[in-house]
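# Analysis of the macromolecular model
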Amino acid sequence: PLNRPGSFTKTVTVTTNDPTNGTIVLTIKGTVVPKPRTIADNYPMNAGDVKMITNFLNFGNLPNTKKKTDTLFVYNNGKEDIIFTGISNAPPALTAVFLPETLKPEQEGKIIVTFDAAKQNDLGFLFKSFNILSNDKIMPENIIQYSVTISYDFSQLSERQIKRAPKILVNEER
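## Here we look at the confidence of the model for the protein
Across the protein, the average pLDDT comes to 91, with 98% of residues at or above 70. The secondary structure element of the protein with the lowest average pLDDT is helix H1 (residues 159-164), at 87, and the one with the highest is strand S10 (residues 108-116), at 97.

Pasting the structure below:
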């Protein structure tokens with residue numbers, strides 16, 4: 001059983017034209033030895049020679065005055081250096097730092113992505129994507145999806161503004 005390490009037992013039934021012993025059952029027992037685990041096995045997402053743990057970032061709930069940072073972990077599975085050159089299709093609210101900018105073969109790295117809700121000029125749930133650019137010959141642009149829910153930051157209001165703000169009363173009687 002390929003890629004299923006551990007013990008196994010299988011049977012094979014052989015039918016012959018022997019009148020005294022027409023059916024013979026053979027039993028095959030063995031152990032599948034697992035392949036040695038490599039660093040690349042920790043990065044299930046293939047994006048050319050760049051492998052990633054995930055291609056999705058969740059910035060969660062974010063007040064419209066705050067920033068949040070998340071990290072993409074990457075691995076160079078190729079034979080040549082991968083040079084990260086930037087990002088594209090990203091709003092001004094999204095920035096990325098590549099550590100290191102040049103990823104040697106079989107080297108792990110990080111892409112630190114920051115979302116600044118103050119630069120987004122939007123409220124509510126956003127599900128979008130941007131591209132990571134590199135010199136990878138197979139996939140020079142890797143799509144990264146992200147989500148964020150931007151809410152209004154009422155903590156910035158003065159006491160006077162809070163008193164003057166609209167209020168809602170809900171009557172539960174019917």
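## Remarks on the side chain of serine 134
Here serine 134 shows up in strand S11 (residues 124-134). A relative accessible area of 10% means that serine 134 is categorised as buried. Among the polar contacts listed, one links the side chain of serine 134 to the backbone nitrogen of aspartate 136, at a separation of 3.2 Å. Residues within four places of serine 134 in sequence aside, it is in contact with Ile82, Ile83, Phe84, Thr85, Met139 and Pro140.

## Things to note about the nonpolar core
Ranked by size, the top nonpolar core spans 25 residues in total, and within it Phe84 and Phe115 carry the most contacts. For this core, the secondary-structure elements that each account for two or more residues are strand S4 (50-52), strand S5 (56-63), strand S6 (67-76), strand S7 (82-88), strand S8 (94-99), S10, S11 and strand S12 (141-151). The element best represented in this core is S12, accounting for four residues. Setting aside residues up to four positions removed in sequence, phenylalanine 84 forms contacts with Val50, Val74, Phe98, Pro100, Glu101, Leu103, Ile111, Ile132, Leu133 and Ser134.

## What to know about the sheet that holds S8
The five strands lie next to each other as S3-S4-S6-S10-S8, forming an open sheet whose pairing is antiparallel. Here the strands that pair on one side only, and so sit at the sheet edges, are strand S3 (45-47) and S8. In this sheet, neighbouring strand axes are inclined to one another by 30° on average, regardless of whether the strands run parallel or antiparallel. In this structure, S8 lies alongside S10, joined through six bridges in antiparallel fashion. Residue threonine 95 lies in a different strand from S10, and its bridge partner there is threonine 114.

Here is what the cut-offs are and how they apply
Numbering of residues starts from 1 in each chain and follows the order in which that chain's sequence is written. Owing to the predicted nature of the model, reporting of local features is limited to residues with pLDDT of at least 70; listing and counting of side-chain atom pairs is limited to 80 or more, with chain, interface and lining totals taken over all residues. As a convention, hydrogens and water are excluded, and side-chain values are obtained from all of the structure's heavy atoms. pLDDT measures the predictor's confidence residue by residue and takes values from 0 up to 100. For helices the rule is a DSSP run of H or I covering at least 4 residues; for strands it is a run of E covering at least 2, with both sets numbered from the N terminus onward. Throughout, exposure labels follow a simple rule: accessible area from a 1.4 Å probe, protein chains only, divided by the maximum for the residue type, with under 20% read as buried, over 50% as exposed, and the rest as partly exposed. Nitrogen and oxygen atoms within 3.5 Å of one another constitute a polar contact, given that in protein one can donate a hydrogen and the other can accept it, and given that sequence-neighbouring residues count only through two side-chain atoms. Note on contacts: a residue pair is in contact if any heavy atoms of the two residues lie within 4.5 Å. Put simply, buried Ala, Val, Leu, Ile, Met, Phe, Trp, Tyr and Cys residues joined by side-chain atoms within 4.5 Å make one nonpolar core. We call two strands paired when DSSP finds no fewer than two bridges between them. Axis lines are fitted through C-alpha atoms, for helices just across the contact stretch, and the angle between N-to-C directions can take any value from 0 to 180 degrees.

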